[in-house]
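Residue strings, one per chain:
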Amino acid sequence: MKEFIYNLEELFVSDGLLETLSATNYYIGAYQRGYKWKSNAAHDQVPLFLTDVYEAFIDNQEEYYLQYITIKRNDECKDLLEVIDGQQRLTTISILFYCFEKAFGFYNITKDIVQYERYNNRRIFEEIILMDEENDEGNVILKKKQDIFYLYHAKKCILNFLELLDKVEAEAFYNYYRQKVKIIINLEDDTTAAEEIFSNLNDNKVELNNLYLIKGLLFTKSTRKDNDDDNFIHIQEKRNRIARNWDDMDNWLRSEQQNQLFFYNYKLVNSKEGFLGLNPLLNALKPIVKECNDERLDKINKFYDNLSIAKEQSDTYKLFNLYNEGLQNFEEANIQLDKIYLTSKRLRNWFKNNELYNLLGFFTCTGGNIDNILSLGVSDLKEKLYQHLYNQLFIKNKKIQDLVYNVPKDKSKLDKIFLALNVFPLVKIKDSKGFDIHVIDWSNRFDFHTYRNNKWSIEHIYPQNPDATEEDVSKYKEWFIEKSSDLPELNQKIKHNILLTDEEIKTIVSHDVSEHQLGNLALLEGGNNSTLKNYIFPKKRELLLGLMSMGSFVPTHTVNAVAKLLHNLSDERLTFSKNLTFWEKEDIEANAIWIKNTYNALIEFVNENR
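Heads up: these notes are all about the structure in this document. Every residue gets a number counted from 1 within its own chain, in the order that chain's sequence is written. Confidence filtering applies because this is a predicted model: local features only for residues at pLDDT of at least 70, side-chain atom pairs given and counted only at 80 or more, and all residues used for totals across whole chains, interfaces and linings. Water and hydrogen atoms play no part in the side-chain values, which are based on all heavy atoms of the structure.

Here we look at the overall build of the protein
Starting at the N terminus, helices and strands are each numbered in turn, a helix being any DSSP run of H or I of at least four residues and a strand any DSSP run of E of at least two. In terms of helices and strands, the protein carries 28 helices and 11 strands. Burial classes: relative accessible area under 20% of the type maximum marks a residue as buried, over 50% as exposed, and values in between as partly exposed (1.4 Å probe, protein chains only). Within the protein, buried positions represent 52% of all 610 residues. Within the protein, residue pairs in contact and separated by at least 24 positions form 72% of the contacts whose partners lie at least 6 positions apart. Computed with the Shrake-Rupley method and a 1.4 Å probe, the accessible areas treat only the protein chains shown as cover for residues. As presented, the protein carries roughly 30,300 Å² of accessible surface, and 46% of it is formed by carbon and sulfur atoms. Here a residue-residue contact requires only that any non-hydrogen atoms of the pair lie within 4.5 Å.

Dropping the structure here:
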């Protein structure tokens, strides 16, 4: 495949591309899709084709490049150049020059140059120019033929724009399109069938979204300085360098673990496109659109006002619109690219640092807004993150043991505290004077991704009225025998394998202590809460330890509590009941002491470091 660069005049008139390749016309085969470019909203393809080039025109840009067009000689008729890719663009260019001819009488360089097999080589553009939707016949055709409908509305859109120009400006704009707007032509060899090339090209088509549009916008504006004489090859080299950096940034942020650490619950302008890749970072760094008083752009705003869908109503590409309106020139585009690159690099460095990783994960999990810290240096960042951690831990006018699980405000605070106790484990070390102090052990990285996705939250270790079945009675028979020791009749039934009623099982497993006590709480997985949270203790303990043995994520405090392996930070020994399958008042008290002492030591450490 060979590449050539032509302006539009050279693409259509004599001694241009057609003459060079000994051809007379461009040919669009029946296998090609019908015309589908939209014309209703400000950032539909046809309005963008007009306004982007118009902005380049009023800014006196030396060149404006459209996307590639791929062609080859037609297999049966060698004087036809078959358009394999880019027919929508070529069709729009043709409509434009037919409209210039109709509105101002300018010479139509595209007249009778593009032929369509689907229209039996009719003069389709003349038909579109003459067509009137108010006419009954035209109205019927527009309703029946989708591609004619789009062609007709493209014509209307272009004529509406041209009506805003006086003849002098229109002629200058017309000449700009002819001489300054350029297309890169890919010429395929003659040995491959056109349908095969078309299939290969379109198999790899990427659906346009905000990410790809912004990428294209930044590549274009950051590599083309106004009145710069850079040649195309140099420009492509610049774009290739930018592309490598861009893809590297995008690939790194495509990891959910990395992306969610920074952008969990972040409000996206284009929420339908999701969080993966650069999308959330582009949202966070979106330009602030300034009020523009440039009178030259009044025509564009008037044009937008006349579209059938107002600019404000068309929000599919809202993020792209913000970039497009906020980056007006080469300098602003380069500043924005640097900002994206440097911020991405900063996020990587933060992610590698265990202390920052855990602080950031806690920050975004507990309502912190990444917008407030994205531009900070490490020192300021730590200060901000420690202050946030302290604010989430601090309890006004209460002690931790005074918080009540079934009071929503208290439960929200407990959720954050229990998360902190698991994210920031404390260890005892000697300070420079030989005194014992407690510090956070930064050797571990908490699994925020699993914590969020599986909706871990505080629940009861032993519920007041747990669910149990006859299968549980059979599997945990010894536990039921011991549990029913003060219920002789039921105890005997269990020993002799006599079936119990649901009410009898419920009588045995009911707990005689308040389930909402601090010491009866731990983080449990939300995905399993419908079952786990109401299981009897031996079953819940077995499941949690089983998850742990399989390498699944279980918070450290949860495991150590149900395994009765908690160690007090002070010299005071925690006393658990000896039977590992029971969760008694003694265990609840021991867990409560651990939570209270660890919480107090953690908030003291955080307060000293904020």
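With respect to the packing of aromatic side chains
Planes of paired rings set the category: under 30 degrees apart is stacked, over 60 is edge-to-face and the rest tilted, where pairs are Phe, Tyr or Trp rings (Trp by its six-membered ring) whose centres lie within 6.5 Å. Within the structure shown, the criterion is met by 38 aromatic pairs. Between Phe57 and Tyr176, the aromatic rings sit 5.8 Å apart at their centres with planes inclined by 65°, giving edge-to-face as the arrangement. Note that Phe57 is positioned in helix 3 (residues 45-58) and Tyr176 in helix 8 (residues 167-179), a separation of 119 residues in sequence. Judged by its relative accessible area of 14%, Phe57 is buried. Measuring from ring centre to ring centre gives 5.2 Å for Phe100 and Tyr174, while their planes differ by 75°; the resulting arrangement is edge-to-face. Taken as a pair, Phe100 in helix 4 (residues 87-104) and Tyr174 in helix 8 lie far apart in primary sequence, 74 residues in all.

Here we look at the layout of surface pockets
With a 1 Å grid laid over protein atoms only, a set of points is called a cavity when a 1.4 Å probe fits there but cannot get out and a pocket when it is open yet has protein on both sides within 12 Å along at least five of seven lines; lining residues have an atom within 4 Å of a point. Grid points are joined across faces, edges and corners, and a volume is the space filled by probe spheres set on the points. In this structure, the second largest pocket occupies an estimated 510 Å³ of space. Put simply, the parts of the chain that give the lining of the second largest pocket at least two residues each are helix 19 (408-423), strand 8 (426-430), helix 27 (556-562) and helix 28 (585-609). Looking at the lining of the second largest pocket, its residues break down into 13 nonpolar, 7 polar and 4 charged. Ten residue types, Ala, Val, Leu, Ile, Met, Phe, Trp, Tyr, Cys and Pro, are classed as nonpolar, four, Asp, Glu, Lys and Arg, as charged, and the remainder, Gly among them, as polar.

Structural notes on the nonpolar core
Residues belong to one nonpolar core when they are buried, are Ala, Val, Leu, Ile, Met, Phe, Trp, Tyr or Cys, and are joined through side-chain atoms within 4.5 Å. Residues Trp246, Phe262, Ile340, Phe424 and Phe480 are the most contacted members of the largest nonpolar core, which totals 116 residues. The leading source of residues in this core is helix 28, at 10 residues. Non-local contacts of Trp246, meaning those with residues more than four positions away in its chain, are made with Leu211, Ile214, Lys215, Leu218, Phe219, Leu278, Leu282, Leu337 and Ile340. Phe104, Tyr176, Ile185 and Phe303 belong to the second-largest nonpolar core, a separate cluster that totals 73 residues.

Regarding helix 24 (residues 502-509)
Glu504, Ile505, Ile508 and Val509 are the residues of helix 24 that are buried. Buried residues of helix 24, seen end-on, are gathered within an arc of 125° and therefore sit on one face of the element. Counted as exposed and oriented over 90 degrees from the buried face of helix 24: Asp502 and Glu503. On its buried side, helix 24 packs onto helix 21 (470-475), helix 22 (477-483) and helix 23 (488-495). The arc in question is traced by the directions running from the helix axis to the C-beta atoms.

Thoughts on the packing of helix 18 (residues 378-393) against helix 19
For the pair helix 18 and helix 19, the least separation of the axes is 9 Å and the interaxial angle reads 130°. When the interaxial angle is binned, helix 18 and helix 19 end up oblique. Residue-level contacts link Leu389, Asn391, Gln392 and Leu393 of helix 18 to Lys413, Lys416, Ile417 and Ala420 of helix 19. Of the residues in the contact of helix 18 with helix 19, the class split is 4 nonpolar, 2 polar and 2 charged. To obtain each axis, a line is fitted to C-alpha atoms, and for helices this fit is confined to the stretch in contact; angles are then taken between N-to-C directions over 0 to 180 degrees. Roughly parallel means an angle under 35 degrees; roughly antiparallel means over 145; roughly perpendicular covers 65 to 115; every other angle is labelled oblique.

As for empty space enclosed by the protein
If you walk through the whole model with that rule in mind, you get 3 cavities of 30 Å³ or more. Here the largest cavity is characterised by a volume of approximately 60 Å³. Contributing to the lining of the largest cavity are Ile28, Arg33, Gly34, Tyr35, Gln87, Thr91, Tyr116, Arg118, Tyr119 and Leu151. Among the residues forming the lining of the largest cavity, the class breakdown is 5 nonpolar, 3 polar and 2 charged.

Considering the packing of helix 17 (residues 354-365) against helix 18
Helix packing for two helices is described by the angle between their axes and how far apart those axes are. As a packed pair, helix 17 and helix 18 sit with axes 10 Å apart at the nearest point and diverge in direction by 45°. Taken together, helix 17 and helix 18 sit at an angle that is classed as oblique. Handedness of the helix 17/helix 18 crossing: left-handed. Judged by residue contacts, Glu355, Leu356, Leu359, Leu360, Phe362 and Phe363 of helix 17 engage Val378, Leu381, Lys382, Leu385, Tyr386, His388, Leu389 and Gln392 from helix 18. Among the residues forming the contact of helix 17 with helix 18, the class breakdown is 10 nonpolar, 2 polar and 2 charged. The handedness criterion is simple: a crossing whose near helix is rotated anticlockwise from the far helix by less than a right angle is left-handed, and one whose near helix is rotated clockwise is right-handed.

Some words on a nonpolar patch on the surface
Exposure above 30% relative accessible area and the lack of any salt bridge qualify a residue for a patch; like charges then connect within 9 Å, and the nonpolar side chains Val, Leu, Ile, Met, Phe, Trp and Tyr within 5 Å. Salt bridge, as used here: a side-chain nitrogen of Lys or Arg that lies within 4 Å of a carboxyl oxygen of Asp or Glu. A contiguous nonpolar surface patch, about 180 Å² in accessible area, is contributed by Val427, Ile429 and Ile437. In this structure, Val427 sits in strand 8. According to the relative accessible area criterion, Val427 is partly exposed, its value standing at 30%.

Points about the pattern of salt bridges
For the structure on display, the rule yields 18 salt bridges. When the shortest N-O distance is used, the salt bridge between Arg178 and Glu9 registers 2.6 Å. Placement of the pair is Arg178 in helix 8 and Glu9 in helix 1 (residues 8-12), with a sequence separation of 169 residues. Across the salt bridge formed by Lys180 and Glu62, the nearest N and O atoms sit 3.0 Å from each other. Highlighted residues: Lys180 in the loop between helix 8 and strand 7 (181-187) and Glu62 in the loop between helix 3 and strand 3 (64-65), separated in sequence by 118 residues.

Quick look at the pairing of strand 9 (residues 436-440)
Here, any two strands with at least 2 DSSP bridges between them count as paired. Examined bridge by bridge, strand 8 and strand 9 share 5 bridges and lie antiparallel to one another. If you follow Ile429 over to strand 9, its bridge partner there is Ile437. Counted along the chain from strand 8 to the antiparallel partner strand 9, the turn is 5 residues long, and its residue Gly434 has a positive phi close to 90°.

A few points about the state of the cysteines
Sulfur atoms of two cysteines make up a disulfide when they are within 2.5 Å. Here the structure, examined in full by the defined rule, presents 0 disulfides. With no disulfide of its own, Cys99 lies closest to Cys157 among cysteine sulfurs, the gap being 9.3 Å. A relative accessible area of 0% places Cys99 in the buried class.

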